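What follows is the residue order along each chain.
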Amino acid sequence: MSPQIRARVRERSRNRCEYCQLRQDQSPLALLHIEHIIPKAHGGGGELENLALACIDCNLHKGSNLTGIDPESDQMTELFHPRRHSWQEHFEWRGIYIVGKTPIGRTTARVPHMNSEEQLTLRSS
Ligand SMILES: [Zn+2]
């Protein structure tokens, strides 16, 4: 991946994880990753449209998942897609907790462990 593409992805996301909104300055020891929204394993490419900035936690927990189970309906549901979906439409803040407002939001908040203890600690810094 070229340095220009990396810079564009960081700039576009305003240096925040596009899933949990963690800012780079809240994660001083770990550089936010540039991840493939549709993983390479599923045919995702390296074009800007398919790249997103993600914190280590979101990136590792998302892995190569594209879907998860909505905890409310028990239905298989697609995960949040930072290019196609609007964060505000699918999630909201309750204090330092991220709460899913829609099936996509609920499923994504659960799969990448957006409210793990580590995440909450970083977020409150
Ligand atoms: Zn994150």
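Computed from a predicted model, the values in this text were never measured in an experiment.

Details of the packing of aromatic side chains
- Per the counting criterion, the structure on display carries four aromatic pairs.
- Here Tyr 19 and Phe 80 contribute two aromatic rings whose centre-to-centre distance is 6.2 Å and whose plane-to-plane angle is 80°, an arrangement assigned as edge-to-face. Of this pair, Tyr 19 sits in the loop between helix H1 (3-12) and strand S1 (33-36) while Phe 80 sits in the loop between strand S4 (76-78) and helix H3 (87-90), placing them 61 residues apart in sequence.
- When the ring of Phe 80 is compared with that of Phe 91, the centres are 5.2 Å apart and the planes differ by 75°; the resulting orientation is edge-to-face. Of the two residues, Phe 80 sits in the loop between S4 and H3 while Phe 91 sits in strand S5 (residues 91-94), which places them 11 residues apart along the sequence. Accessibility assignment for this pair places Phe 80 and Phe 91 in one class, buried.

A word on the coordination of the zinc ion
- With distances of 2.3 to 2.4 Å, the protein atoms coordinating the zinc ion are Cys 17 (SG), Cys 20 (SG), Cys 55 (SG) and Cys 58 (SG).
- Given four donor atoms and angles of 104 to 118° at the metal, the environment of the zinc ion is assigned as tetrahedral.
- The sequence pattern describing where the donors of the zinc ion fall on their chain is C-x2-C-x34-C-x2-C.
- A relative accessible area of 1% means that Cys 20 is categorised as buried.

Notes on the confidence of the model for the chain
- Here the chain averages 93 in pLDDT, and 100% of its residues register 70 or above.
- Ranking the elements of the chain by mean pLDDT puts helix H5 (residues 117-123) last with 88 and H3 first with 98.

Here we look at unusual backbone geometry
- Look at Arg 14: it is not a glycine, yet its phi comes out positive at around 55°.
- Along the polypeptide, Arg 14 turns up in the loop between H1 and S1.

Structural notes on the pattern of salt bridges
- For the coordinates displayed, the defined rule picks out six salt bridges.
- Here Arg 23 and Asp 25 are joined by a salt bridge, their closest N and O atoms 2.8 Å apart.
- Linked by salt bridges that have partners in common, Asp 70, Glu 72 and Arg 106 make up one network.

Things to note about the environment of Ala 41
- Among the structural elements, Ala 41 can be located in the loop between S1 and strand S2 (51-54).
- We classify Ala 41 as exposed; its relative accessible area is 70%.
- The spatial distance from the C-alpha of Ala 41 to the C-alpha of Ile 56 is 19 Å, given a sequence separation of 15 residues.

Brief notes about the pairing of S2
- Here S2 shows a buried face lined by Leu 51 and Leu 53 and a second buried face lined by Ala 52 and Ala 54.
- Sheet topology note: the S1/S2 ladder contains four bridges and is antiparallel. Within the sheet, the bridge partner assigned to Glu 35 lies in S2 and is Ala 52.

Here is what the cut-offs are and how they apply
- Residues numbered from 1 in each chain as written.
- Predicted model: local features only at pLDDT ≥ 70, side-chain atom pairs only at ≥ 80, totals over all residues.
- Heavy atoms only, no water.
- Phe/Tyr/Trp six-rings, centres within 6.5 Å; stacked < 30°, edge-to-face > 60°.
- Helix = DSSP H or I, 4+ residues; strand = E, 2+ residues; numbered from the N terminus.
- Buried < 20%, exposed > 50% of the residue type's maximum accessible area, 1.4 Å probe, protein only.
- Donors = N, O, S within 2.8 Å, 3.2 Å for Na, K, Ca; no water.
- Tetrahedral: all angles 85-135°; square planar, octahedral: opposite > 155°, others 65-115°.
- pLDDT = per-residue confidence, 0-100.
- Salt bridge = Lys/Arg side-chain N within 4 Å of Asp/Glu carboxyl O.
- Pairing = 2+ DSSP bridges.

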